[in-house]
Amino acid sequence: MTAKSILVLHGPNLNLLGLREPQHYGNATLDSINQTLTNKAKLANITLESFQSNAEADLVDKIQSIATKSVDFVIINPAAFTHTSVAMRDALSAVKVPFIEVHLSNVFAREAFRHHSYFTDIAVGIISGLGAKGYELALDFAIEKINHS
């Protein structure tokens, strides 16, 4: 039996969670979110890797790396790259690994430029506005999908 694996990608400025605009992003830190996800995945016998970068090229490289690794699902919060990164979109399309797009804040209740995503139409689903809980819900879905595929 092959080990199951999930990659969680965090885009720019998410390393500042807990400090940055808590009215939009909540008080949870990135470390606490990652720890919660790791613990939950471990209970399901799934390996979880988290990766955060403020650099688009690093995120594209990480996405491309899963083309030759056994990753069953991706959970991604592209953050500001949601609205700008055709490169990340193309990388996700190329590797053909299903993914869920997660946003801590309700992007549709914010500035108009945040309403457009380069990822939503190729994602399995999107979770927006549920804070850190959105990551957990995405993980629950990913685990269920992996275990029933």
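Residues numbered from 1 in each chain as written. Predicted model: local features only at pLDDT ≥ 70, side-chain atom pairs only at ≥ 80, totals over all residues. Heavy atoms only, no water.

Participant: Explanation requested: the UniProt feature "binding site: substrate" (unreviewed entry) in the protein in the structure shown.
Facilitator: Residues given the UniProt feature "binding site: substrate" (unreviewed entry) here are Asn77, His83, Asp90, Leu104, Ser105 and Arg114. Relative to the helices and strands, serine 105 is located in the loop between strand 4 (99-103) and strand 5 (125-128). On the basis of relative accessible area, serine 105 is assigned to the buried category, the value being 6%. (UniProt positions renumbered as here; feature names shortened; annotations may be inferred. Helix = DSSP H or I, 4+ residues; strand = E, 2+ residues; numbered from the N terminus. Buried < 20%, exposed > 50% of the residue type's maximum accessible area, 1.4 Å probe, protein only.)

Participant: Teacher, can you tell me more about helix 5 (residues 133-147) here?
Facilitator: Note that an α-helix has 3.6 residues per turn; residues three or four places apart therefore point the same way. Its 15 residues place the ends of helix 5 21 Å apart at the C-alpha level, agreeing with the 21 Å of an ideal helix rising 1.5 Å per residue. Residues of helix 5 that are buried: Gly134, Tyr135, Ala138, Leu139, Ala142, Ile143 and Ile146. Along its buried surface, helix 5 packs onto strand 1 (4-10), helix 2 (30-43), strand 2 (46-52), strand 3 (73-77), strand 4 and strand 5. (Expected span 1.5 Å × (residues − 1). Contact = heavy atoms within 4.5 Å.)

Participant: Even after reading the chapter, I still don't get helix 2, so can you show me in this structure?
Facilitator: With 14 residues, helix 2 should cover 20 Å at 1.5 Å per step; its first-to-last C-alpha distance of 20 Å lies within 8% of that length. Looking at the packing, one finds that the buried side of helix 2 touches strand 1, strand 2 and helix 5. Where helix 2 ends, the next residue or the one after it, asparagine 45, has phi of about 60 degrees, a positive value.

Participant: When you look at the nonpolar core in this model, what are you seeing that I'm missing?
Facilitator: Proteins that are soluble and globular tend to have nonpolar side chains buried together. Ile6, Val8, Leu37, Leu48, Ile75, Tyr135 and Leu139 are the most contacted members of the largest nonpolar core, which has 23 residues in total. Of all the secondary structure elements, the ones that give two or more residues to this core are strand 1, helix 2, strand 2, strand 3, strand 4 and helix 5. For this core, the leading source of residues is helix 5, giving six residues. If we skip the residues at most four places from it in the chain, leucine 37 touches Val8, Leu48, Tyr135, Glu136 and Leu139. (Core = buried A, V, L, I, M, F, W, Y, C linked by side-chain atoms within 4.5 Å.)

Participant: Sorry, what's going on with the packing of aromatic side chains here?
Facilitator: In this description, an aromatic ring pair is defined by two values, namely the gap between the centres and the angle between the planes. Tallied over the entire structure, the rule returns one aromatic pair. Seen from their ring centres, phenylalanine 73 and phenylalanine 141 are 6.3 Å apart, and the 65 degrees between their planes marks the pair as edge-to-face. You can see phenylalanine 73 sitting in strand 3 and its partner phenylalanine 141 sitting in helix 5, a full 68 residues away along the chain. For phenylalanine 141, a relative accessible area of 34% gives the class partly exposed. (Phe/Tyr/Trp six-rings, centres within 6.5 Å; stacked < 30°, edge-to-face > 60°.)

Participant: Help me out: how do you make sense of the pairing of strand 3 in this one?
Facilitator: Here is the key point about a regular strand: its side chains alternate between the two faces of the sheet. With respect to burial, strand 3 is a largely interior element, five of its five residues being buried. The side-chain alternation of strand 3 yields two buried faces, one formed by Phe73, Ile75 and Asn77 and the other by Val74 and Ile76. Direction of pairing for strand 1 relative to strand 3: parallel, over a ladder of five bridges. Bridge pairing in strand 3 places leucine 7 opposite valine 74. Where strand 3 and strand 4 come together, three bridges link them in parallel fashion. Bridge pairing in strand 4 links isoleucine 76 to glutamate 101. Remark: the strand 3/helix 4 (residues 86-95)/strand 4 crossover connection has right-handed handedness. (Pairing = 2+ DSSP bridges. Right-handed = clockwise from strand over helix to strand, strands pointing away.)

Participant: Mind showing me how you'd approach the pattern of salt bridges here?
Facilitator: Pairing is possible between side chains of opposite charge, provided their charged atoms come close. Evaluation of the coordinates by the stated rule reveals five salt bridges. Where arginine 89 meets aspartate 121, a salt bridge forms, and the shortest distance between an N and an O atom there is 2.6 Å. Placement of the pair is arginine 89 in helix 4 and aspartate 121 in the loop between strand 4 and strand 5, with a sequence separation of 32 residues. On the basis of relative accessibility, which here comes to 57%, the residue aspartate 121 falls in the exposed class. (Salt bridge = Lys/Arg side-chain N within 4 Å of Asp/Glu carboxyl O.)

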